[in-house]
Amino acid sequence: MTTKIAAAHQVHQILADYDYFLFDCDGVIWLGDHILPHVVETLALLKKHNKTVFFVTNNSSKARDDYLEKFQKLGIPDVDKTEVFGSSYALAVYVEKILKLPKDKKVWVLGEAGIEKELRALGYTTLGGTDPALVADGLKFDASHPALTQLDPDVGAVVAGLSLNINYLKLSATLQYLLKDNKTIPFIATNIDLTFPSKGMLLIGAGSIIETVSFASGRQPDAICGKPNLSMMNSIKADCPGLKENPKRGLMVGDRLNTDMKFGRDGGLDTLLVLTGIEKEEVVKALPSETAPTYYADKLGDFFELLQ
Ligand SMILES: O=C(O)[C@H](O)[C@H](O)COP(=O)(O)O
């Protein structure tokens, strides 16, 4: 059973019950480059009430510094890098801390600049990714392309995420590394979102791209670093002892059940689903209590609007 937030007294109750607000971004804060209605005012309201806010996004196309620019551009001021947790950053930390990939090993990237930047910031050399040789204008597929025929022997990990400039060459080159050395090169993914909410439509999500190379290689990723993986939650809790001690004072706000809501629930937080991204109200209302969000709302901006 879930409760719809539709009245001012419910917003007051939420402000009284929670100190820590974790926000998903695509489909909650913005759709592409469009900020959703009254999000700026809602975030300002939370700051006014001294709430702690984190932005937790599975979108790996940007690094944390790029997100700071995006927040600024969309009129959300004063976001600090420590408040932004992206799957590109989570993946880079995984490669360094969990996989312990030596820095003289290279990383093959199926994805965008966000992953490359976060890996390079930790001292890794990346291949693939946004390399212009793989996306040149008018490039026709050629099975003798060096990306397919001259595999780099120093590649020690294959990472995959949202790839907005995907093509057959990039997918096929990724497949070569996944098959190489009897399929032993570690395969790390950012996230499992099958679709990507954009203004007025759904686009192909990172999960669908990763599924393509998984299917072709017969391999599943060795790790998926974004939501709902709890290593991201543990990093947030490590930076926020209050949330760690009392997760029930935390509210995870998202638009997708199998990533955002599961992430919040598994982390011991209460959850709020907004209907501006992936899920539909009739689905949410019919969920059994184990998977239903604590609350749902038409949009995040309702917090502000209901108090007017
Ligand atoms: O396909 C993807 O990577 C996701 O749909 C998308 O970018 C998720 O971002 P989030 O909703 O976590 O901000």
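Residues numbered from 1 in each chain as written. Predicted model: local features only at pLDDT ≥ 70, side-chain atom pairs only at ≥ 80, totals over all residues.

A. Region of interest: the nonpolar core. Ranked by size, the top nonpolar core spans 73 residues in total, and within it Leu22, Phe23, Leu91, Val95, Val159, Ile188 and Val253 carry the most contacts. Broken down by element, the residue count for this core peaks at 6 residues, all from helix α4 (residues 87-98). When residues of this core are sorted by domain, at least three fall in each of domain 1 (3-58 + 227-306) and domain 2 (101-224). When near neighbours in sequence (up to four residues on either side) are disregarded, Leu91 contacts Ser60, Ile115, Val159, Gly161, Ile188, Thr190 and Cys225. (Core = buried A, V, L, I, M, F, W, Y, C linked by C-beta atoms within 7 Å. Buried ≥ 20, exposed ≤ 12 C-beta atoms within 10 Å, placed from the backbone. Helix = DSSP H or I, 4+ residues; strand = E, 2+ residues; numbered from the N terminus. Domains from an automatic or database assignment. Contact = placed C-beta atoms within 7 Å.)

B. Focus on the site of the ligand. Thr57, Asn58, Asn59, Asp193 and Gly205 are the nearest of the 13 residues found near the ligand. Counted by class, the shell around the ligand contains 4 nonpolar, 6 polar and 3 charged residues. When residues of the shell around the ligand are assigned to domains, at least three map to each of domain 1 (3-58 + 227-306) and domain 2 (101-224). (Near = placed C-beta within 6 Å. Nonpolar A, V, L, I, M, F, W, Y, C, P; charged D, E, K, R; others polar.)

C. Representation of the domain arrangement of the protein within the structure. According to the domain assignment, the protein contains domain 1 (3-58 + 227-306) and domain 2 (101-224). With 13 residues of domain 1 at the contact, the number on the domain 2 side is 10 residues. The residue inventory of the side of domain 1 that touches domain 2, partitioned by class, reads 2 nonpolar, 7 polar and 4 charged.

D. Molecular detail of unusual backbone geometry. Between Lys227 and the following residue, Pro228, the backbone shows a cis peptide bond with an omega angle of 10°. Mapping Pro228 onto the fold places it in the loop between β13 (223-224) and α9 (230-239). Even without a glycine there, the phi angle at Asp78 is positive, about 60°. Looking at Asp78, the number of C-beta atoms within 10 Å reads 11, which means it is exposed. Residues other than glycine seldom take positive phi values, yet Lys100 does so here, at roughly 55°.

E. Inspection of the sheet that holds strand β8 (residues 125-128) at higher detail. As summarised here, the arrangement of the 5 strands in space is β8-β7-β9-β10-β13, forming an open sheet in which the pairing is parallel. Only two strands of the sheet have a single neighbouring strand rather than two, namely β8 and β13. Examined bridge by bridge, strand β9 (residues 155-160) and strand β10 (residues 187-189) share 3 bridges and lie parallel to one another. When the bridges of β10 are listed, Val158 appears paired with Phe187. The strands touched by helix α7 (residues 168-183) within the sheet are β7 (106-110), β8, β9 and β10, with β9 carrying the most contacts at an inclination of about 135°. (Pairing = 2+ DSSP bridges. Axes fitted to C-alpha atoms, helices over the stretch in contact; angles between N-to-C directions.)

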